[in-house]
Each structure stands twice: as C-alpha cells, then as structure tokens.
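What the coordinates show
Each chain, written out:
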Amino acid sequence: MPGSSTFRKPGLSPALLSLQKAHVLIARLENRMATLQREVQDLCHELTTLRAETKRPDADSISSSKSISVPGRTLGTQEPQRQEKQGLEGSRRAERAPDRERTFVGDQNVQSRIVDLRVVPQLMKRQNTNLAIVSYGGSCSNALANALRACRWRVHTKIWDQIVCHCPQYLDFGVPVIYVFEDPVRAFLSQNRRELLLMNQHKLTNSTAEDLDPETMFRSMFQQFRDFVRHGKDKVFFLRSSQLFLPETRPALEAFLKCRPLRTLPLQFRARKTETDKVPSRFEALFAKFRNEIDFVRNFDLTTLPFHVPETRAAAAAAEVS
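Residues numbered from 1 in each chain as written. Predicted model: local features only at pLDDT ≥ 70, side-chain atom pairs only at ≥ 80, totals over all residues. Heavy atoms only, no water.

Focus on the overall build of the protein
In plain terms, the rule: Secondary structure elements are taken from DSSP: a helix is a run of H or I of four residues or more, a strand is a run of E of two residues or more, and numbering for both begins at the N terminus. Here the term buried applies to any residue with accessible area under 20% of the maximum for its type, exposed to any over 50%, and partly exposed to those in between, with areas from a 1.4 Å probe on protein chains only. Contacts are residue-level and defined by heavy atoms, with any inter-residue pair within 4.5 Å sufficient. The Shrake-Rupley method, run with a 1.4 Å probe sphere, supplies the accessible areas, and residue values consider only the shown protein chains as cover.
Counting secondary structure elements, the protein contains eleven helices and five strands. Looking at the protein as a whole, 42% of its 322 residues qualify as buried. Intrachain contacts of the protein at a sequence separation of at least 6 include 72% that bridge at least 24 residues. Here the protein has roughly 18,600 Å² of accessible surface; of this, 52% comes from carbon and sulfur atoms.

Structure (structure tokens):
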C-alpha cells in the first residue's frame, strides 16, 4: 500500500538460485559423461585389438634366419622359429625339440624371450603405442608409465612388456622416448629383492638363458645406458628416477611431449625399500669389479644432453636420495 510499502534490494529469488546451480551441475555432469565416453571408446578399441591378436597369434610371430650386423650392434637372432598354436582358452603349446629355440614377438611364454628387434617399431605402431619408456630395471619406470597412462598416453602394450620396457639398445621406435634410470647398485638390488633379475636379464640380453648370471645382467645394464646415450642423445628425454618427484619434471616433460598438462606429475615420494649401504656379500665382488661403470652412471652430466630436467633443485635432490 502507498505509504506503507518498503523498498527491497533487487536480487534473485532462492528458486532462481537453485535453478542456476542445477544448470551448472548439469553442465559439469555432461562434460564428465563425455570424458567417460571417450575413455570407454579407447578401452573398447584396446579390447578389440587384444582379441584380434589372441585369435591370430601367428601375426606377431616373426622368424629370422639371418642376423643384421651394425658396427658395435647386432639386430635379430639366428635361432629358427617354430610356429605355435594358441587358442582363447585351454590352449596347448606345441612340443619343441630340446636343441632348438623358438623366436616369437608378443608371445607370453616366459621361456621364449628372443625378439627380432627389426620389427619392434612396426609392432608398436600396430598396437597403437604412442610413447616408449625404457630403463634397465629398478628405476620407477612402471610408476612413470602408470602416471602417463592416466594422462591418456598408451604405454602398456604387449610389445612394451615383451621387450621395449628394457630394450637392450636404442631403436628408432617412431614415438617419443623417455629413458629413466636409477643408481645402478640400487636398481640391481631392487630387482633382486623383487626376484626380477632373470626376467629382466632375458630382455636386456634378448636371450632365453635359463639361469641368472649376475655379471651378465649387471654388464647389460651399463651397455644399454651407453647405447641410449650414444645413439639416442638427440632424441631421447633422459630422466633420473629421483627427478620424478620434483615439480620441475612436469613442465620439462610437457615441453618434450608437446602435450596438455600432465596432472599426475610429479609422483608422490615414498620411502625407498632398497638401500645401497646394505649390499649382500655375494654381490660385493661384482660391484667392486664394475666400480668405474657405476661411477660413470652416478656422475653422468645430463646437461650435456638436449632433453632433460633443468638441474637446479633436481641435482641436489638426486644427490640427496642417491
């Protein structure tokens, strides 16, 4: 009524505010649903690829009657290949002669570890691998692979698990390559603690040795490191495992991969389970024999390479945890 009315400050009623909030929530849900749909499509594509590979096991079986020699490097193998029949369930493997070895690429048989390295890039392309993470073992490479997988990088493929993760030498993979390494002694002891030395020796030597040879394994680690530095120094991002926990690593990798923000980096630091001051007596002579190689890796100057984490806090942190 005139004379008794009061003036109120204009604003939205509670009902309109609730409606506005509902619209915001709906928009967020739609974005989330679109993201989930893309992830489901990727998983379906991966499942289809795995089913095709399972139905056609011979597609990845590569025989090599000759070896290709490059100065200081050897590709392929001279062992003959025997075909393997494999089904989806209850498959029965063909019996092989004791004096012959089979050569497979992508086979899950632990005893058949020889891989024709010439066809690895082709298999990576066939399996849609878009990133290679390589190490000599015991260097947090799996943790890095899991972190980048959450950012939609396809690392965990069949051929990566077969050979690429511990590839004995640098190859032109056709995709970006990250080489991550740890203090050699700690890396060796970590693999020993987890009983991975023999399996990783198969990959680092590309062989089917039945017994572990610690010296062969340790020597192969240094041979791999030197080969990647020598042949991949202008193409590979080199990373100490201790740098995975530093904030400087994220922008450096984003620039190298030319990708969107890697929100899963840096990794959360965890207390180490392997210490270099607790060396089993059976390995003391081995480490003493390779003292020069150990020092070479420990003191390697990453600033001499084009792709690395800027060594500011990184160098101090690496020295602290080593």
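We are not done yet, so read on.
Comments concerning the pairing of strand β4 (residues 177–181)
Definition in use: Two strands pair under a simple rule: DSSP has to find at least two bridges between them.
Of all five residues in β4, five are buried, a share of seventy percent or more. Here β4 shows no split at all, with Val177, Tyr179 and Phe181 on one side and Ile178 and Val180 on the other all buried. In terms of strand pairing, strand β3 (residues 132–134) meets β4 through three bridges, oriented parallel. Counted as the bridge partner of Val134 is Tyr179 from β4. For β4 and strand β5 (residues 236–240), the ladder comprises five bridges, and the chain directions are parallel. The residue bridging Ile178 from the neighbouring strand is Phe237, located in β5.

Digging into the packing of helix α7 (residues 214–232) against helix α10 (residues 291–298)
If you want to describe how two helices pack, look at the angle between their axes and the distance between the axes. Selection criterion: Axis geometry follows a simple rule: fit a line to the C-alpha atoms, using only the stretch in contact for helices, then measure angles between N-to-C directions, giving values from 0 to 180 degrees. Oblique is the label for any angle not under 35 degrees, not over 145, and not in the 65 to 115 range, which are roughly parallel, roughly antiparallel and roughly perpendicular in turn. In this scheme, a crossing is called left-handed if the near helix is turned counterclockwise away from the far one by less than a right angle; it is called right-handed if the turn is clockwise.
Look at α7 against α10: their axes get within 11 Å of each other, and the N-to-C directions meet at 40°. By the angle between their directions, the pair α7 and α10 is classed as oblique. Both α7 and α10 take part in a crossing whose hand is left-handed. Side by side, α7 and α10 meet where Phe218, Phe222, Phe225 and Arg226 of the first sit next to Glu293, Ile294, Phe296 and Val297 of the second.

Some points on the confidence of the model for the protein
Rules: Note on scores: pLDDT gives the predictor's confidence for each residue, bounded by 0 and 100.
With 68% of its residues at a pLDDT of at least 70, the protein reaches an overall mean of 78. This stretch, residues 1–9, has a pLDDT under 50; its non-local contacts, to residues over four places away or in other chains, come to zero contacts. pLDDT under 50 marks residues 74–112. Its contacts with residues more than four places away, or in other chains, come to 86 contacts.

Looking at the layout of surface pockets
Think of a ball as big as a water molecule: rolled over the atoms, this probe shows where empty space is left. As a reminder of what qualifies: Grid points spaced at 1 Å over the protein atoms alone were grouped into cavities, where a 1.4 Å probe fits but cannot get out, and pockets, open sets with protein on both sides within 12 Å along at least five of seven lines, with lining residues defined by an atom within 4 Å of a point. Grid points are joined across faces, edges and corners, and a volume is the space filled by probe spheres set on the points. Residues are grouped as follows: Ala, Val, Leu, Ile, Met, Phe, Trp, Tyr, Cys and Pro are nonpolar; Asp, Glu, Lys and Arg are charged; every other residue, Gly included, is polar.
Of the pockets and cavities examined, the largest pocket occupies roughly 840 Å³. Elements represented by at least two residues in the lining of the largest pocket include exactly α3 (141–149), α4 (158–162), α5 (184–193) and α6 (197–205). Element by element, the count of residues in the lining of the largest pocket is highest for α3, at four residues. Considering only residue class, the lining of the largest pocket consists of ten nonpolar, twelve polar and nine charged.

A short note on the packing of aromatic side chains
Stated precisely, the cut-off is as follows: Put simply, two rings from Phe, Tyr or Trp (the six-membered ring, in Trp's case) pair if the centres are within 6.5 Å, and we call them stacked under 30 degrees between planes, edge-to-face over 60, tilted for the rest. Throughout this description, the term charge over a ring refers to an Arg CZ or Lys NZ atom that lies within 6 Å of the ring centre and within 35 degrees of the ring normal.
Per the stated rule, a full pass over the model turns up 20 aromatic pairs. Ring geometry for Phe188 against Phe218: centres 5.2 Å apart, planes inclined by 75°, an arrangement best described as edge-to-face. Within this pair, whereas Phe188 is found in helix α5, its partner Phe218 is found in helix α7, the two being separated by 30 residues in sequence. Judged by its relative accessible area of 0%, Phe188 falls in the buried class. Between Phe237 and Phe256, the aromatic rings sit 5.4 Å apart at their centres with planes inclined by 55°, giving tilted as the arrangement. Remark: Phe256 occurs in helix α8 (residues 249–257) and Phe237 occurs in strand β5; sequence separation between them is 19 residues. The buried category is assigned to Phe237, whose relative accessible area is 1%. The cationic tip of Arg226 hangs over the ring face of Phe296; the distance from NZ or CZ to the ring centre is 4.1 Å.

Some remarks on the pattern of salt bridges
Rules: Any Lys or Arg side-chain nitrogen found within 4 Å of a carboxyl oxygen on Asp or Glu counts as a salt bridge.
The full count for this structure, using the stated rule, is seven salt bridges. The salt bridge involving Arg298 is made with Asp183; its shortest N-O contact spans 2.3 Å. Residue Arg298 is located in helix α10, and its partner Asp183 is located in the loop between β4 and α5; the two are separated by 115 residues in the primary sequence. Residue Glu254 pairs with Arg250 through a salt bridge whose shortest N-O separation is 2.9 Å. On the criterion of helical spacing, the pair formed by Glu254 and Arg250 is a turn pair, its members being four residues apart in helix α8. Bridged by salt links that share partners, the residues Glu215, Arg219 and Lys289 form one connected network.

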